[in-house]
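Descriptive structure summary
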Amino acid sequence: MSDVVLRVEDLRKTFRKPLTGRKVEAVRGVSLEVRRGEIFGFLGPNGAGKTTTLKMLMGLIAPTAGTMEILGERAPSPDVMARVGFLPENPYVFPYLSPREYVTLCGRLSGVPRAELGERVGRVIAHVGMTEAIDRAVRTLSKGMLQRVGLAAALVHGPRLLVLDEPMSGLDPVGRKEVRDLVLEEKRRGHTVFFSSHILSDVELLCDRVSILRRGEVVVEGDLRSLLEAGKRRSEVTIGGAGPALREELAARAAATREIGDRVVMEIDGDDAVRAVVERALAGGARLESLTPKRETLEDLFVRRAP
């Protein structure tokens, strides 16, 4: 069995403007692989082509060019999609149904055997923490609760690949944590999760690997830890007791500087530059008050590579 659950090669999508007929390239040659059992983050600024790519993967729109494989088979197809769970950014849940009724409907449409349906519905609703509201009208639920109902519907047929489009969008911190916990639980259960998000702190907490889009093209892809470790090593250096001339000289070597009383706090890139600043400060009669190494964050990487 292949270790690759999702493979996209040279995927492209071109739209035409309704009135002018002008071509707009929304996705331009995207290629990526998602491996079994990992959480893969699909990132990019607004308009980068993330949602368009997901819609092509789910068969909601047709690609202009390129190939897509899910679980080793050409996608989209009914057989493949029966093994995929999908949560759109704004799931539409019929407001007059209860979570039990809606998830039951989704289970029937996904081909869950009638003899198993009731037990599965109760189990996935409990799994997403909605048992207490299982028979409440959906129109009375908060957005966070709606997200959980949508996730239950995506899980009811036991998918091997879970695709989530902006699952934390619009949620408060508690709701975001609840969704993060559910995503991690799916990974612990051996499922593969592919999700799009613009909340970089959540991606950094969850993902094994990421792909960053900019203007419809992949500009960064790889193991998240390796990508961050490969970034510039930056340190925060705090120098006290430096005179105006020495402060100006040291600040010229820093990426960023701020002053707090008689102290100057500098962001410095590279170990050699840090050593040179410290040695010059001490030689000039100043004192070293602190030196704190700082690793690059996903936000730093994102701003550098996908502005």
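Look above for the structure.
Report on the accompanying structure. (Residues numbered from 1 in each chain as written. Predicted model: local features only at pLDDT ≥ 70, side-chain atom pairs only at ≥ 80, totals over all residues. Heavy atoms only, no water.)

Right, let's talk about the sheet that holds strand β4 (residues 65-70) for a bit. Sheet architecture is open: four strands sit in the order β2-β1-β4-β5, paired in antiparallel fashion. Of all the strands in the sheet, the pair left with one neighbour each is β2 (23-35) and β5 (73-74). Where strand β1 (residues 4-16) and β4 come together, five bridges link them in antiparallel fashion. Its bridge partner lying in β4, Arg7 is registered against Glu69. Each of β1, β2 and β4 is contacted by helix α1 (residues 50-57), which is oriented at about 115° to β1, the strand it contacts most. (Pairing = 2+ DSSP bridges. Helix = DSSP H or I, 4+ residues; strand = E, 2+ residues; numbered from the N terminus. Contact = heavy atoms within 4.5 Å. Axes fitted to C-alpha atoms, helices over the stretch in contact; angles between N-to-C directions.)

The next thing to look at is the sheet that holds strand β10 (residues 217-223). Reading across the sheet, the six strands line up as β6-β7-β8-β3-β9-β10 and stay open at both edges, with mixed pairing between neighbours. Among the strands making up the open sheet, the edge pair consists of β6 (84-87) and β10. Each adjacent strand pair in this sheet contributes to an overall mean axis angle of 15°, direction not counted. In the sheet, strand β9 (residues 209-214) pairs with β10 via six bridges, with the strands oriented antiparallel. For Leu213, the partnering residue across the bridge sits in β10 and is Val218.

Applying the stated criterion across every chain, the model contains five aromatic pairs. Note on Tyr92 and Phe94: the rings are 5.5 Å apart at their centroids and 90° apart in plane angle, and the pair reads as edge-to-face. A centroid spacing of 6.3 Å and a plane angle of 65° characterise the contact between Phe94 and Tyr102, whose relative ring orientation is edge-to-face. A connected cluster of aromatic rings, assembled from ring pairs, spans Tyr92, Phe94, Tyr96 and Tyr102. Residue placement shows Lys13 over the ring face of Phe15; its charged tip is 5.2 Å from the ring centre. (Phe/Tyr/Trp six-rings, centres within 6.5 Å; stacked < 30°, edge-to-face > 60°. Lys NZ or Arg CZ within 6 Å of the ring centre and 35° of its normal.)

Before going further, it helps to spend a moment on helix α4 (residues 114-127). An α-helix turns once per 3.6 residues; consequently, residues spaced three or four apart project the same way. The terminal C-alpha atoms of α4 lie 20 Å apart, and with 14 residues this matches the ideal 20 Å at 1.5 Å per residue to within 8%. The largest bend in α4 amounts to roughly 25° and is located at Arg120. All buried positions along α4 are accounted for by Leu117, Arg120, Val121, Val124 and Ile125. The elements touched by buried residues of α4 are α3 (99-109) and α5 (143-155). Two residues or fewer past α4, Gly129 is found with a positive phi of approximately 75°. (Expected span 1.5 Å × (residues − 1). Bend = angle between axes of the 7 residues up to and from the residue. Buried < 20%, exposed > 50% of the residue type's maximum accessible area, 1.4 Å probe, protein only.)

Moving on to the layout of surface pockets. Taken as a whole, the largest pocket holds about 530 Å³ of empty space. The wall of the largest pocket is formed by 20 residues, among which Phe86, Cys106, Ser110, Ala153 and Ala154 lie closest to the centre. Elements represented by at least two residues in the lining of the largest pocket include exactly α2 (78-81), β6, α3 and α5. Considering each element in turn, the lining of the largest pocket owes the most residues, four residues, to β6. (1 Å grid on protein atoms, 1.4 Å probe; cavity = no way out; pocket = protein on both sides within 12 Å on 5 of 7 lines; lining within 4 Å. Points joined across faces, edges and corners; volume = space filled by probe spheres on them.)

Attention now goes to empty space enclosed by the protein. Per the counting criterion, the structure on display carries one cavity of 30 Å³ or more. Taken together, Leu87, Gln147, Arg148, Leu151, Leu164, Pro167, Val179, Leu182 and Val183 make up the lining of the largest cavity. Every element with two or more residues in the lining of the largest cavity is listed here: α5 and α6 (173-188). The class makeup of the residues in the lining of the largest cavity is seven nonpolar, one polar and one charged. (Nonpolar A, V, L, I, M, F, W, Y, C, P; charged D, E, K, R; others polar.)

Read these as spatial facts, not as claims about activity.
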